[in-house]
Amino acid sequence: MYDLLVIGAGPAGIALAAEARAAGLDTSRVLLLEKGAAHTWAIRQFYPEQKLTTANYKGYAANCEGLLCITDMTKQEMIEFFDQIIESYGLNIRYGEEVYAMRRIEEPDGAYFRVESSQGVYESRVIAVAIGVLGRPNKPKEYRLPPSLKERLLFDITSHKIENETVLVVGGGDTAAEYVEHLYQQHNQLTLSYRQPELTRLNERNHATLMAMEQRGEVAILRASNILRVEDEGGRPRVFFKEEEHRPRTFDRIVYALGGTTPTNFLRALGIGFGEDGPVFDATGKTNVPGLFLIGDLTVSKTGGSIITAFNSSARAILRICENHLSCANVPG
């Protein structure tokens, strides 16, 4: 029987486990389950190698409320930062374990959760779900993706080597802009397709960089462009647009940067209540299911938050966990 089981070893999950350790909980009774092969799997998979992770990412204020805090870091520095946190606090993480079932069990001496993963069954008094939205990237809904082009239609830029190719990046957010910047450094010929007439979602740095790249002819930006369909043309994707001014074009690859989605079905299966905007929880991530908390991206918006907002959600959650569910020797505050 664990005291606290955390689903997901990303920034929020690691932060919560560290907060629990600092609060005096026994490390051996706190467990993180991560479906990836390493911690911060989404960062490793979706972030470009030289990406600068900014403390105020997406405009969120860089105000740290709890134990952990960061400054602007590269991807590698960020991974090393979490390596140090895991080692310093002796965190207990099991990799390659995807959770697929969980239920709350009522007993005379108290309630607990039984969690089934791909590798085993666990029991815990408190559960925290720290699944990031990047782990479930959005896919286009308006048209079909040809199965024959699976290796050519990507949702990240790390799973395949992309070099000296013609590449279409689809999206208008910071991730799309950062993909363009990174792919240019790999000597690719780049086109960016965005459905709106103006790129208004970018932070100041990414907007300035992308506009400068366009002026220098390093990327062609197709504003107000909506993809109608993608066809297989000799093993390469040929793209047709709804707008007549955008002629059909053939690329070596398409990279989609459309954000991620909340794992709605999984959360509903846990019994969590939903409103118009998604799962219902309070300021500490507490849900309607006693002992079940949401932290990280799940507590911000559909577009996700920042690493610091993930840290802060964990700091708030441990306060409520210590107050209502577990005996903490060192109550944060």
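Described below are features of the structure shown in this document. Model, not experiment: these values are computed from the prediction.

In summary, the side chains of a regular strand alternate between the two faces of the sheet. With respect to burial, strand β2 (residues 30-34) is a largely interior element, five of its five residues being buried. Here β2 shows no split at all, with V30, L32 and E34 on one side and L31 and L33 on the other all buried. Note that strand β1 (residues 2-7) and β2 share four bridges and pair parallel. Residue pairing for β2: L4 is matched across the bridge by V30. Between the parallel pair β1 and β2, the chain is carried across by helix α1 (residues 11-22), and the sense of this crossover is right-handed.

Another point: the environment of G171. Inspection of the secondary structure assignment puts G171 in the loop between β10 (166-170) and α4 (174-185). Placed 111 residues apart in sequence, G171 and D282 show a C-alpha to C-alpha distance of 32 Å. Not counting the four nearest positions on each side in its chain, G171 is found in contact with A176, L192, S193, Y194, A257 and L258.

This brings us to the sheet that holds strand β16 (residues 253-256). In spatial order, the strands read β9-β16-β10-β11-β12; together these five strands make up an open sheet with parallel pairing. Edge positions in the open sheet fall to β9 (153-154) and β12 (219-222), since each of these has one partner strand only. Here β10 runs beside strand β11 (residues 189-193); their pairing, made up of five bridges, is parallel. Paired with T166 across the two strands is Q189, which belongs to β11. Relative to β12, helix α5 (residues 204-215) is tilted by about 110°, and along the sheet it contacts β11 and β12.

Rules used in this analysis
Residues numbered from 1 in each chain as written. Predicted model: local features only at pLDDT ≥ 70, side-chain atom pairs only at ≥ 80, totals over all residues. Heavy atoms only, no water. Buried < 20%, exposed > 50% of the residue type's maximum accessible area, 1.4 Å probe, protein only. Helix = DSSP H or I, 4+ residues; strand = E, 2+ residues; numbered from the N terminus. Pairing = 2+ DSSP bridges. Right-handed = clockwise from strand over helix to strand, strands pointing away. Contact = heavy atoms within 4.5 Å. Axes fitted to C-alpha atoms, helices over the stretch in contact; angles between N-to-C directions.

Keep in mind these values describe shape, not function.
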